[in-house]
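Coordinates in review
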Amino acid sequence: MTERAEARIDPSAVARNCSRLIGRLSGGSELCAVVKADGYGHGARECARSALGAGATRLAVAAAREAAALRADFPEAKLLTMGALTVDELDLTLAADSDIGLWEEGFRSTVAERARANGRPARVHVKFDSGMG
C-alpha cells in the first residue's frame, strides 16, 4: 500500500501563524495553542515550542498524559486539559499543574475533592455547551 498523503510541518510557519493571531488580539486577550493528539500528529513538543516562542501564553491538550508530557518539556507553561478525565487522570492532570475543563456540577465536586486530597489547588475553565456539541 502506498502512502496517499504526507504532512510536512514548518515550525517557523506555526510561529508566524501564532504571531499573526496575537497581532489581532486586544484587551488583554491571550493565545492558547491547541497541541492535542501530538500536535494533531505533527509533534506536540515542536508545535508547542514554536507557539510559545511566538508569544502564545497557554497550551491546550485533550488528555492527562499529554499534559504530563508537556509539563516535563515546558515547566513554566500554562496548560489546559480540555478532555473528560477519570479520577486517576484527574490526579495526573493536577500533578502536571494543568487547568481543567469543567462541564458539569458533579465533576466540579470531584475536582475539588481530588485537589484537596492531593494538596494542590485546582484551576478550572468552565465549558458551556449551548447545544451545538
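The structure we're discussing is the one just above.
Bear in mind the structure is a predicted one, so any value in this text is a computation, not a measurement.

What counts and how
- Residue positions are given per chain, counted from 1 along the sequence in the order it is written.
- Totals for whole chains, interfaces and linings use every residue, but because this is a predicted model, local features are given only for residues with pLDDT of at least 70 and side-chain atom pairs only at 80 or more, for both listing and counting.
- As a rule here, side-chain values come from all non-hydrogen atoms in the structure, and water together with hydrogens is ignored.
- Criterion for a salt bridge: a side-chain nitrogen of Lys or Arg within 4 Å of a carboxyl oxygen of Asp or Glu.
- A helix here means a DSSP run of H or I that spans at least four residues, while a strand means a run of E at least two residues long, and both kinds are numbered starting from the N terminus.
- Think of it in three bands: with a 1.4 Å probe and only protein chains considered, a residue is buried below 20% of the maximum accessible area for its type, exposed above 50%, and partly exposed in between.

To continue, consider the pattern of salt bridges. Pairing is possible between side chains that carry opposite charge, provided their charged atoms lie close to one another. Per the stated rule, a full pass over the model turns up six salt bridges. Residues Arg-45 and Asp-73 are paired through a salt bridge, measuring 2.8 Å at the closest nitrogen-oxygen approach. One end of the pair, Arg-45, is in helix 3 (residues 44-53); the other, Asp-73, is in helix 4 (residues 64-73), and 28 residues separate them in sequence. Under the relative-accessibility criterion, Arg-45 is labelled partly exposed at 40%. Among the residues examined, Asp-73 registers a relative accessible area of 30% and is labelled partly exposed. We note a salt bridge from Asp-99 to Arg-123, for which the minimum N-O separation is 2.6 Å. Here Asp-99, found in strand 4 (residues 98-102), pairs with Arg-123, found in the loop between helix 6 (105-118) and strand 5 (124-126); they are 24 residues apart in sequence, far enough to count as distant. By relative accessible area, Asp-99 is classed as buried at 5%. The network of salt bridges with common partners includes Arg-58, Asp-97, Asp-99 and Arg-123.

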